[in-house]
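Summary of the model geometry
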Amino acid sequence: MSVEIVEVGPRDGLQNEQTLVSTAAKIAYIEALVGAGARRIEATSFVHPRRVPQMADAEAVMDGVPRVAGVSYIGLVVNARGLERALAAGVDEVNAVIVATETFSLRNQGMSVGEAVRSFAAISAGAHANGRRVTATIGASFGCPFEGEVGADAVAELARQCADAGADEIALADTIGVGVPGDVDRLVDAVRPVTGLPLRFHFHNTRNTGYANALRAVERGAAALDSSAGGIGGCPFAPAATGNIATEDLAYGLRRSGVASGLDLDGIVTAAAIVERELGITLPALLGRAGDFPGGLGGAGR
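Here's a quick rundown of the structure. In this text, all values refer to a predicted model and were calculated from it rather than measured experimentally.

Glancing now at the overall build of the chain. A tally of helices and strands in the chain yields 12 helices and 8 strands. Taking 302 residues into account, the globule formula puts the C-alpha radius of gyration at 19 Å, and the chain, at 17 Å, falls close to it. For the chain, the spread of C-alpha atoms along the principal axes amounts to about 50 × 40 × 35 Å. The buried share of the chain, taken over its 302 residues, is 58%. The long-range fraction of contacts in the chain, counting pairs at least 24 apart against all pairs at least 6 apart in sequence, stands at 74%. Looking at the chain as shown, the accessible area adds up to about 11200 Å², and 52% of this sits on carbon and sulfur atoms. With 25 positive and 34 negative side-chain charges, the chain shows a spacing of 1 Å between the two charge centroids.

This is how it looks when you write it as C-alpha cells:
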C-alpha cells in the first residue's frame, strides 16, 4: 500500500514565518526535498506581496528550482492575475483555495464563498487551457476560527461545485488543526457520494491530532497527504494556526503502518535542517531529534 505525499513546506510552511528566507535558501530547500524523493512540491504562491511578503520572490524561486523528470511543482493562486504569473513562471500544477465559510473567505481572499467558486472556475479553465492540472483546496473544511463548526454537507456541496468547475483533485484542509479522525470519516462520507475525484488531505497539528487524522485519511482512501518538512507553517489569516504535520514524522508513521511514501527519511531531515538554520528556531518535527526505529535513519523511510 502507498500514498502520495505533497510537500508544502516551501509555500505553506514558510508563508507564516516571521523571518524572510532568502531565495537561494528556498531553492536549496527544494533541491534537498527533490533529492529526498519528493515528487509533488508546492513551491510558492502567486499572491500580492503586501498580503504575504514571504512569497514575494515567487518567480525567482521558480526560475531556480531543479527541473527533474517526474517532479511536479505546484503554485498557489487566488485570482486570474496569480494564474497568469504562475503560468509564466512555469508551474506544473495550480492549487486554488475556496474557504468553506463566509467570514474566513472574506478575510483570507477578500471575496465571498460564491465569488471564490466562480473565481476557481475561471482559474480552472485557464489552467486547463494551458495544460496544467488543478487542485481545489477547500479551506477550513474541519472548522473555522471565526464561525466554529463547519457542516459536512456544506463542504460536500463545495466539493461538488469545484468538481463541476473542472477540478482534477479535491483537497480537504484542516486549516486550524481542529479535526479528529471521526471528522475525517464524516467528511469522506459526505464528499464521496458527490465526486469520485482523488481526495487529498491537508492537516495542521495545532491540537496534536494531525498524524492520527492523516492515518485515518489513508484508511479512508486518501490519494495524497500534504505535509511540511520540519513541521513549519500556518495561515497568516487564521488565529493560532500552527504548523503543518511534519513530512518526516508522517513518513515514519506511514512506514510503520505498512504504507510506503517513496521518501527518504534522512533526506527529509536534511532538508528541514536548511530551514531550521535560516529561521533560527527549533522546528516542531521530532524524527530528526529522536531518530528512526530500529536503528538510525539511513534512508529507511522508503
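With that settled, the discussion passes to the nonpolar core. With 93 residues, the main nonpolar core has Tyr 73, Ile 98, Ile 170, Leu 172, Phe 201, Phe 203 and Leu 225 as its most contacted residues. Discounting residues that sit within four places of it in the chain, Leu 172 has contacts with Ile 138, Ser 141, Phe 142, Val 155, Leu 187, Val 191, Arg 200, Phe 201 and His 202.

What follows covers helix α2 (residues 23-35). With 13 residues, α2 should cover 18 Å at 1.5 Å per step; its first-to-last C-alpha distance of 18 Å lies within 8% of that length. Every buried residue belonging to α2 is among Ala 25, Lys 26, Ile 27, Tyr 29, Ile 30, Ala 32, Leu 33 and Val 34, and all of these are buried. Where α2 is buried, its residues meet β1 (4-7), α1 (9-13), β2 (40-46), α3 (58-64), β3 (72-77) and α11 (265-279). One or two positions beyond α2, positive phi appears at Gly 37, with a value near 105 degrees.

If you check α11, its first and last C-alpha atoms are 21 Å apart, about what 15 residues at 1.5 Å a residue would give, namely 21 Å. Listing the buried residues of α11 in full gives Leu 265, Gly 267, Ile 268, Val 269, Ala 271, Ala 272, Ile 274, Val 275 and Leu 279. On its buried face, α11 sits against α2, α10 (247-256) and α12 (287-290). Gly 280 occupies a position one or two residues after α11 and carries a positive phi of about 70 degrees.

Next up on the list: the pattern of salt bridges. Counted under the stated rule, the structure contains 22 salt bridges. The closest approach of N and O atoms between Arg 220 and Asp 185, which form a salt bridge, is 3.0 Å. One end of the pair, Arg 220, is in the loop between α9 (210-219) and β8 (224-227); the other, Asp 185, is in helix α8 (residues 181-191), and 35 residues separate them in sequence. Judged by its relative accessible area of 32%, Arg 220 is partly exposed. Between Arg 216 and Glu 219 there is a salt bridge; the shortest N-O distance is 3.2 Å. Taken together, the residues span about one helical turn, with Arg 216 and Glu 219 both in helix α9 at a distance of 3 residues. When its relative accessible area of 26% is taken as the criterion, Arg 216 is described as partly exposed. In this structure Glu 219 comes out as exposed when scored by relative accessible area, which is 61%. Each of Glu 4, Arg 11, Asp 12, Arg 40, Glu 42, Glu 93, Arg 133, Glu 169, Arg 200 and Asp 226 takes part in a single network of salt bridges with overlapping partners.

A separate point is the packing of helix α7 (residues 152-164) against α8. In the contact formed by α7 and α8, the axes pass within 8 Å of each other and the chain directions differ by 45 degrees. Put simply, α7 runs oblique to α8. Once α7 is placed against α8, the crossing between them reads as right-handed. Across from Ala 152, Val 155, Ala 156 and Ala 159 in α7, the residues of α8 making contact are Arg 186, Leu 187, Ala 190 and Val 191. Considered class by class, the residues forming the contact of α7 with α8 number 7 nonpolar, no polar and 1 charged.

With an omega of -5 degrees, the peptide bond running from Phe 293 to Pro 294 counts as cis. Unusually for a residue other than glycine, Ala 140 sits at a positive phi of about 60 degrees. Looking at the element boundaries, Ala 140 is found in the loop between β5 (133-139) and α7. The class for Ala 140 is buried, based on a relative accessible area of 0%. Of note in this structure, Asn 208 is not a glycine but carries a positive phi near 65 degrees.

For strand β4 (residues 93-99), the tally of buried residues reaches 7 of 7 residues, placing the bulk of the element in the interior. Here β4 shows no split at all, with Glu 93, Asn 95, Val 97 and Val 99 on one side and Val 94, Ala 96 and Ile 98 on the other all buried. Sheet analysis places β3 next to β4, joined by 4 bridges and oriented parallel. Residue pairing for β4: Ile 74 is matched across the bridge by Glu 93. Read from β3 through helix α4 (residues 80-89) to β4, the crossover connection turns out right-handed. Bridge analysis of β4 against β5 gives 7 bridges, and the strand direction is parallel.

Each value, and the rule that gives it
- Residues numbered from 1 in each chain as written.
- Predicted model: local features only at pLDDT ≥ 70, side-chain atom pairs only at ≥ 80, totals over all residues.
- Heavy atoms only, no water.
- Helix = DSSP H or I, 4+ residues; strand = E, 2+ residues; numbered from the N terminus.
- Rg over C-alpha atoms; globule rule 2.2 N^0.38 Å.
- Buried < 20%, exposed > 50% of the residue type's maximum accessible area, 1.4 Å probe, protein only.
- Contact = heavy atoms within 4.5 Å.
- Areas by Shrake-Rupley, 256 points an atom, 1.4 Å probe, with all protein chains shown as cover.
- Lys, Arg positive; Asp, Glu negative; His and termini not counted.
- Charge placed at Lys NZ, Arg CZ, Asp CG, Glu CD.
- Core = buried A, V, L, I, M, F, W, Y, C linked by side-chain atoms within 4.5 Å.
- Expected span 1.5 Å × (residues − 1).
- Salt bridge = Lys/Arg side-chain N within 4 Å of Asp/Glu carboxyl O.
- Axes fitted to C-alpha atoms, helices over the stretch in contact; angles between N-to-C directions.
- Parallel < 35°, antiparallel > 145°, perpendicular 65-115°, else oblique.
- Left-handed = near helix turned anticlockwise from the far one by under 90°.
- Nonpolar A, V, L, I, M, F, W, Y, C, P; charged D, E, K, R; others polar.
- Pairing = 2+ DSSP bridges.
- Right-handed = clockwise from strand over helix to strand, strands pointing away.

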